[in-house]
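Analysis of the macromolecular model
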Amino acid sequence: YVVGDGPVAAAFDGVNVWVANFTADTMTKLRASDGAVLGTYAVGVSPSGVAYDGVSVWVTNQTDATVTKL
């Protein structure tokens, strides 16, 4: 499936797959059943890790040393 530039990490939330795009500074949300892109979200600089806590998606942003909650 096509996502943003530099995909480096992914997490599954039970329905969707969230992909961290390192060089695009975005997260891509894919519907797991067919890979359809449901959204692309701006996050911090160089997102490199992603986790799902049962409610929210958390993204670590390497270059600006931040965490984004989606």
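This text goes with the structure placed above it.
Read on for a plain summary of the structure. These figures come from a predicted structure and were not determined experimentally.

Parameters and conventions
- Residue numbers here run from 1 along each chain, matching the order of that chain's written sequence.
- Reporting of local features is limited, given that this is a predicted model, to residues whose pLDDT is at least 70; pairs of side-chain atoms are given and counted only at 80 or more, and all residues count toward the totals for whole chains, interfaces and linings.
- Excluding hydrogens and water, the side-chain figures rest on all heavy atoms present in the structure.
- Numbered from the N terminus, helices here are DSSP runs of H or I no shorter than four residues, and strands are runs of E no shorter than two.
- Note on contacts: a residue pair qualifies if any of its non-hydrogen atoms lie within 4.5 Å across the two residues.
- Two strands pair under a simple rule: DSSP has to find at least two bridges between them.
- To obtain an axis, a line is fitted to C-alpha atoms, over the contacting stretch when the element is a helix, and the angle between two such axes runs from 0 to 180 degrees between their N-to-C directions.
- Joining through side-chain atoms within 4.5 Å is the link that ties buried Ala, Val, Leu, Ile, Met, Phe, Trp, Tyr and Cys residues into a set, and such a set is a nonpolar core.
- Only protein chains enter the area calculation, which uses a 1.4 Å probe; residues under 20% of their type maximum are buried, those over 50% are exposed, and those in between are partly exposed.
- We call Phe, Tyr and Trp rings a pair once their centres come within 6.5 Å, taking the six-membered ring for Trp, and we label the pair stacked below 30 degrees between planes, edge-to-face above 60, and tilted otherwise.

This next bit is on the side chain of Ser56. Among the secondary structure elements, Ser56 is positioned in the loop between strand 5 (47-52) and strand 6 (57-61). Apart from residues no more than four positions distant in its own chain, Ser56 is found in contact with Ala51, Lys69 and Leu70.

Bringing the sheet that holds strand 7 (residues 66-69) into the picture now. The 3 strands are arranged 5-6-7 in an open sheet whose pairing can be described as antiparallel. Of all the strands in the sheet, the pair left with one neighbour each is strand 5 and strand 7. Here the strands of the sheet are splayed against their neighbours by 20° on average, with no regard to which way each runs. Examined bridge by bridge, strand 5 and strand 6 share 5 bridges and lie antiparallel to one another. Across the sheet, the residue bridging to Val50 is Val59, located in strand 6.

Here we take up the nonpolar core. In terms of nonpolar packing, the biggest core is built from 9 residues, these being Ala9, Ala11, Trp18, Ala20, Met27, Val43, Val50, Val57 and Val59. Going through the elements one at a time, strand 1 (7-12), strand 2 (16-21) and strand 6 are the ones with two or more residues in this core. Dropping the residues within four chain positions of it, Ala11 is found in contact with Asn16, Val17, Trp18, Val50, Ala51 and Tyr52.

Right, let's talk about the sheet that holds strand 1 for a bit. The sheet built from 4 strands is open, its strands ordered 1-2-3-4 with antiparallel pairing. Sheet topology places strand 1 and strand 4 (37-42) at the edges, where each strand pairs with a single neighbour. Each strand of the sheet is rotated relative to its neighbour by a mean of 20°, with strand direction disregarded. Here 5 bridges tie strand 3 (residues 26-31) to strand 4, and the two strands are oriented antiparallel to one another.

Moving on to the packing of aromatic side chains. With the rule as written, the count across this model stands at 1 aromatic pair. Ring plane angle 35° and centroid distance 5.6 Å describe the contact between Trp18 and Tyr41, whose orientation is recorded as tilted. Here Trp18 is found in strand 2, whereas its partner Tyr41 is found in strand 4, with 23 residues between them in sequence. What makes Trp18 buried here is its relative accessible area of 8%. Note on Tyr41: relative accessible area 30%, which makes it partly exposed.

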